[in-house]
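Each chain is listed here by its residues.
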Protein chains: 2
Amino acid sequence: MAQDHSSPAQPSTSPPLRIALAGLGTVGAGMIRLLETNADIVRARAGRPLEIVAVSARDRSKNRGVDISRFAWEDDMTAMAARGDVDVVVELVGGSDGPALTLARNTIAAGKGLVTANKAMIAHHGMELARLAEAAPAPLKFEAAVAGGIPVVKGLREGTAANAIERIYGILNGTSNYILSTMEATGADFSAVLAEAQAKGYAEADPTFDVGGIDAAHKLSILAGIAFGTCIDFGNVECEGITGVRAADIAQADALGYVIRLIGMADVETGGDGTQRLLQRVKPCLVPKGHPLAHVTGATNAVVAEGNFSGRLLFQGAGAGDGPTASAVVADLIDIARGETSAPFSIPVAEMVAMEPAGSGARTGRTYLRFTVTDRPGVLAEITAAMRDAGVSIESLIQQGRVSEGGEVLVAMVAHEGPEKNIARALALLEASPSLTATPLVMQIISG
Amino acid sequence: MAQDHSSPAQPSTSPPLRIALAGLGTVGAGMIRLLETNADIVRARAGRPLEIVAVSARDRSKNRGVDISRFAWEDDMTAMAARGDVDVVVELVGGSDGPALTLARNTIAAGKGLVTANKAMIAHHGMELARLAEAAPAPLKFEAAVAGGIPVVKGLREGTAANAIERIYGILNGTSNYILSTMEATGADFSAVLAEAQAKGYAEADPTFDVGGIDAAHKLSILAGIAFGTCIDFGNVECEGITGVRAADIAQADALGYVIRLIGMADVETGGDGTQRLLQRVKPCLVPKGHPLAHVTGATNAVVAEGNFSGRLLFQGAGAGDGPTASAVVADLIDIARGETSAPFSIPVAEMVAMEPAGSGARTGRTYLRFTVTDRPGVLAEITAAMRDAGVSIESLIQQGRVSEGGEVLVAMVAHEGPEKNIARALALLEASPSLTATPLVMQIISG
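Residues numbered from 1 in each chain as written. Chains lettered and ligands numbered in written order. Predicted model: local features only at pLDDT ≥ 70, side-chain atom pairs only at ≥ 80, totals over all residues. Heavy atoms only, no water.

Looking at an unreviewed UniProt entry, one finds chain A named Homoserine dehydrogenase and attributed to Allopontixanthobacter sediminis. Regarding chain A, the relevant UniProt record gives this comment under Sequence similarities (unreviewed entry): "Belongs to the homoserine dehydrogenase family." (UniProt positions renumbered as here; feature names shortened; annotations may be inferred.)

See below:
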């Protein structure tokens, strides 16, 4: 059991876990605030105090609303790894490479623990860092890298550890979900809602990582590694963001009984020859209104894990923000203080499997398609003929009114359950058509 | 780090975790099936094999659909604790006392780990067992005792460990939720749905523990202990089940924008003098249709934890069943195999605080009240006068048609946000009234 249980009602006198903190942005400041505000609770649960001894950031004098004068200062953050008075380094700097990665490598090489919120670094270098950590040995923890304050890394590493995970999927990017659910609530178009979100500080000035699906793809690749015991393979996440979703699509989905969500999804398919392939996909999807993910609005994140014994589990909460992210970072520190020592990705890196990507060849599904076409005779016939020739069976077809002065018209349809490759074939047949004025939007329909 | 990370791609050769299993009902059989089906995954994640060596149950020869011939058999389950070839005992017998408790005490006294799904035993004797486990020291784990397959004990012990928990609440009894959501979907009355649930095996022949709220109260008292660091105090859970909820209440709630759910809720209130008191309450409540818990239907469980940094977190999944419960039991075993050693209730028992119960004196809320009255002049005036005299402000009042041949009429109302003690005072004023033909139903309205 943990330290010092025998001294009744006395605070533990175990030595503190000594922390160096790199990065003093909102999350770093949130972590300092948390360790002050919840000092007693954290000490009781960790079995010993958690104590920041050194900090580093770009600008020492910036006002962050927290007192950093009592911590040692390092101009060069990568030097923190070498400090003799530090047990764990917390990396909140960001960036998949550069100083963050150097600091991470140095920290682990020095046999110290590393706690990070850096999803890009774990998505790109998680295997290398975990291998180093297992060899050191040193703890490597990254709860805050996925879905902010939701303990879903722990949920998958430990909570569902008894299960073969059949599928994981969820809402992994708060900005995109905020934009989609605001479009849903207001009827406004993507660009208007994005501009408003940027003005309010809910979206970055350059929103590409969020609305383009890359942030969600980082998180998905990490979750897939834990869930399936596969080597992290960020490079093979199929990734499409929400920039192509129009207000008309959301209205159309609503009329059909769905909402649109940016869904990150991963599973493993087994081919006829027994070969296993990993599907990882970030895409806007139609979610039935009765599905738990349909009720996830605003910047909230939610992850569904389907285990072969647990059944469907849902983890939901704030996906970002200084408080929730600091909560996840400190939970990792408490685990380290308690002496938790299992493998960063649940199984040792040496046992993780490198899997080929699945592609969409073998997949079937019900699909929503929306075309933007010129308003002239024969367009519908052209589209429906391409569907027929590709073997796509149309369940319902909706032609909507003129949407622009240029005479642009939207044609939406739902295709019956069928192979995804047939959809791709139909789109290829239409690719050269002068009737289509924009790339068609294709969205999977999630089953209940 | 965990064992044996240095031998690349080789299965671990660490010694197995040797398990004695007491109780071979559906969960016990499920656990045997899980360890067979997922043997490779479990071994990889645990760092060593999990191996059942001995079993015990009332009837050795019963067909359970699993082969138990390869395990040693113990007629007396309490003898398992003394076996030299056992590291951990899994207790799936049930009952707060009796053989289960004896086995638990003996196991821990022998320095072996105990994993249990027994919520009644933990609710009644969790403090004693945890104290013994900390002194031994020996692991004591009970994920399966709360909310079946949902890793919410872990979520609170570890995932939210950095937070002061402000409130926990949720749907903790699958049978009650099945009945309420079926009443909602079909319009049928309680007794009809209960009878159907019993016929289908979804409800026990004696459903008192479930529909009376006691099962939920067991779970709530355990969660409260972990969340607030308070000694488990099952005896002071305010507990009211769903037997008083009528189809008319569900229809009325629906018209007002709510669904009815049996909610277990706990928080700590701080009095003017700084005294902290623990509120624990299991009661049917009105939940706004936009709230995540409103979408939880069937036998599903869901727990909301509100942390001062994490914000609102939701954990949802199957609250019972052999697969989900076995998933939770084996997750605990994997934790033990990995060497996880922190305190059973997150902080040592010696640091847990015994708190007085809060009662409802200081509470305020919006409230739904429903009276069953005789159909005669002056009844409404009598009720509204009692409300006025007790200081209860009525937000809306609904008189419904005659519902029985005896001339019984339902009167429902929503009271504005106000002190709960005023509601109690109004009910006391009406207690002796001959106009009321049954105990009024009072339900808190959960805010969004």
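Anyway, onward from the coordinates.
**Student:** So what exactly am I meant to see when it comes to the interface of chain A and chain B here?
**Tutor:** Quite often, the size of an interface is put as the accessible area lost when its parts meet. Listed by partner, the interface residues are 67 residues for chain A and 67 residues for chain B. Taken together, both faces of the contact between chain A and chain B bury some 5300 Å²; the carbon and sulfur share is 57%. For the pair chain A and chain B, the interface holds four salt bridges. Salt-bridge contacts for glutamate 158 of chain B lead to lysine 154 of chain A; the nearest nitrogen and oxygen are separated by 2.7 Å. Remark: the boundary between chain A and chain B carries 23 residue pairs in polar contact (both at pLDDT 80 or more). Among the elements of the structure, helix H1 (26–37), helix H2 (39–46), helix H4 (119–135), helix H5 (152–159), helix H9 (214–228), strand E12 (311–318) and helix H11 (322–338) of chain A are those that each provide at least two residues to the side of chain A that touches chain B. Ranked by the residues each element gives to the side of chain A that touches chain B, the list is headed by H11 of chain A, at eight residues. Where E12 of chain A lies against strand E12 (residues 311–318) of chain B, three bridges are found, and the strand directions are antiparallel. Among the inter-strand pairings, leucine 314 of chain A is bridged to a residue of E12 of chain B, identified as glutamine 316 of chain B. (Contact = heavy atoms within 4.5 Å. Buried area = accessible area lost by both parts, 1.4 Å probe. Salt bridge = Lys/Arg side-chain N within 4 Å of Asp/Glu carboxyl O. Polar contact = N/O pair within 3.5 Å; in protein donor to acceptor, adjacent residues only side chain to side chain. Helix = DSSP H or I, 4+ residues; strand = E, 2+ residues; numbered from the N terminus. Pairing = 2+ DSSP bridges.)

**Student:** Can you help me understand the relation of the copies chain A and chain B in this one?
**Tutor:** The relation between the two chain copies is a rotation about an axis coupled with a shift along that axis. Least-squares fitting of chain A to chain B yields an RMSD of 0.0 Å, with the transformation described by 0.0 Å of translation along the axis and a rotation of 180 degrees. One copy is carried onto the other by what is essentially a two-fold rotation axis. Identified as the residue of chain A closest to the rotation axis by C-alpha distance is phenylalanine 315 of chain A, at 2.5 Å. Same-surface contact between copies: 100% of interface residues of chain A are shared with the interface of chain B. (Least-squares fit on C-alpha atoms with pLDDT ≥ 70 in both.)

**Student:** Explain the confidence of the model for chain A to me, please; I cannot follow it from the model alone.
**Tutor:** Interpretation of this model should avoid reading the predicted coordinates in detail wherever pLDDT is low. Per-residue pLDDT for chain A averages 93, and the proportion of residues at 70 or more is 96%. Counting interchain partners and residues more than four positions distant, the pLDDT-below-50 stretch residues 1–10 of chain A has 27 contacts. (pLDDT = per-residue confidence, 0-100.)

**Student:** Just to check I follow, could you spell out the packing of aromatic side chains for this structure?
**Tutor:** Aromatic ring pairs: the centre-centre distance and the angle between the two ring planes describe each pair. With the rule as written, the count across this model stands at five aromatic pairs over all chains. Geometrically, the ring pair formed by phenylalanine 315 of chain A and phenylalanine 315 of chain B is edge-to-face, given 6.2 Å between the ring centres and 80 degrees between the ring planes. Taken together, the residues phenylalanine 315 of chain A in strand E12 and phenylalanine 315 of chain B in strand E12 connect one chain to another. Comparing phenylalanine 315 of chain A with phenylalanine 315 of chain B shows no difference in burial state: the two are buried. Ring centres of phenylalanine 142 of chain B and phenylalanine 345 of chain B lie 4.9 Å apart, and the angle between their planes is 35 degrees; on these two criteria the pair is classed as tilted. Placement of the pair is phenylalanine 142 of chain B in the loop between strand E6 (140–141) and helix H5 (152–159) and phenylalanine 345 of chain B in the loop between helix H11 (322–337) and strand E13 (356–357), with a sequence separation of 203 residues. On the accessibility criterion, phenylalanine 142 of chain B (2% relative accessible area) is buried. For phenylalanine 345 of chain B, a relative accessible area of 1% corresponds to the buried category. (Phe/Tyr/Trp six-rings, centres within 6.5 Å; stacked < 30°, edge-to-face > 60°. Buried < 20%, exposed > 50% of the residue type's maximum accessible area, 1.4 Å probe, protein only.)

**Student:** Can you walk me through H1 of chain A in this structure?
**Tutor:** Given 3.6 residues per helical turn, the α-helix brings residues three or four places apart onto the same face. Residue and element names in this part refer to chain A. Taking 1.5 Å of rise per residue, twelve residues should cover 16 Å, and H1 covers 16 Å from first to last C-alpha, within 8% of that figure. Listed as buried for H1 are Val27, Gly28, Ala29, Gly30, Met31, Ile32, Leu34 and Leu35. Tucked into the core, H1 has its buried residues touching strand E1 (17–22), H2, strand E2 (50–56), strand E4 (88–91) and H11. (Expected span 1.5 Å × (residues − 1).)

**Student:** Looking at this structure, I do not really get the sheet that holds strand E5 (residues 113–116) of chain B. What am I missing?
**Tutor:** Within a beta sheet, neighbouring strands are joined by backbone hydrogen bonds and run either parallel or antiparallel to one another. The parallel open sheet is built from six strands, whose spatial order is E3-E2-E1-E4-E5-E6 (chain B). Edge positions in the sheet fall to strand E3 (72–73) and E6 of chain B, since each has one partner strand and no second.

**Student:** It is not clear to me how the UniProt feature "binding site: L-homoserine" (unreviewed entry) in chain A should be interpreted in this structure. Could you clarify?
**Tutor:** Residue and element names in this part refer to chain A. In the numbering used here, UniProt assigns the feature "binding site: L-homoserine" (unreviewed entry) to Glu204. You can see glutamate 204 is positioned in the loop between helix H7 (190–200) and helix H8 (208–211). Here glutamate 204 is in contact with Gln198 and Asp210, once residues within four sequence places are set aside.

**Student:** Please explain the side chain of serine 56 of chain B as it appears in this structure.
**Tutor:** By secondary structure assignment, the location of serine 56 of chain B is in strand E2 (residues 50–56). Looking at serine 56 of chain B, its side chain comes within polar contact range of the main-chain nitrogen of methionine 77 of chain B, at 3.5 Å.

**Student:** Looking at this structure, I do not really get the domain arrangement of chain A. What am I missing?
**Tutor:** Residue and element names in this part refer to chain A. With domains assigned, chain A is organised as domain 1 (17–145), domain 2 (152–318) and domain 3 (364–445). Here the C-alpha centroids of domain 2 and domain 3 sit 24 Å apart. Here domain 2 packs against domain 3, burying approximately 1400 Å² in sum over the two surfaces, 52% of which is carbon and sulfur. Taken as a group, Arg246, Gln252 and Leu286 account for 37% of the area that domain 2 buries against domain 3, more than any other trio of residues on that side. Across the contact surface, domain 2 and domain 3 share three salt bridges. Measuring nitrogen to oxygen at the nearest pair gives 3.9 Å for the salt bridge that ties arginine 246 to glutamate 408. (Domains from an automatic or database assignment.)

**Student:** Mind showing me how you'd approach the sheet that holds E1 of chain A here?
**Tutor:** Residues and elements named next belong to chain A. If you walk across this open sheet you meet the six strands as E3-E2-E1-E4-E5-E6, and the pairing is parallel. The strands lining the two open edges of the sheet, one partner per strand, are strand E3 (72–73) and strand E6 (140–141). Relative to E4, E1 runs parallel, the two being bridged by four bridges. Within the sheet, the bridge partner assigned to alanine 20 lies in E4 and is valine 89.

**Student:** Looking at this structure, I do not really get H11 of chain B. What am I missing?
**Tutor:** Residues and elements named next belong to chain B. In this model H11 runs 22 Å from its N-terminal to its C-terminal C-alpha over 16 residues, within 8% of the 22 Å that 1.5 Å per residue would give. With 15 of its 16 residues buried, H11 lies for the most part within the structure. Note on H11: the residue one or two positions beyond its end, glycine 339, has a positive phi of about 90 degrees.

**Student:** Explanation requested: the pattern of salt bridges in the structure shown.
**Tutor:** Any two side chains of opposite charge can pair, given that their charged atoms come close. For the coordinates displayed, the defined rule picks out 62 salt bridges over all chains. Its salt-bridge partner being arginine 43 of chain A, residue glutamate 351 of chain B comes within 3.1 Å of it at the nearest N-O pair. Taken together, the positions of glutamate 351 of chain B in the loop between H11 and E13 and arginine 43 of chain A in helix H2 put the pair across two chains. No difference in accessibility class separates glutamate 351 of chain B from arginine 43 of chain A, as the two residues are buried. A salt bridge links lysine 141 of chain B to aspartate 335 of chain B; its shortest N-O distance comes to 3.7 Å. Of the two residues, lysine 141 of chain B sits in strand E6 while aspartate 335 of chain B sits in helix H11, which places them 194 residues apart along the sequence.

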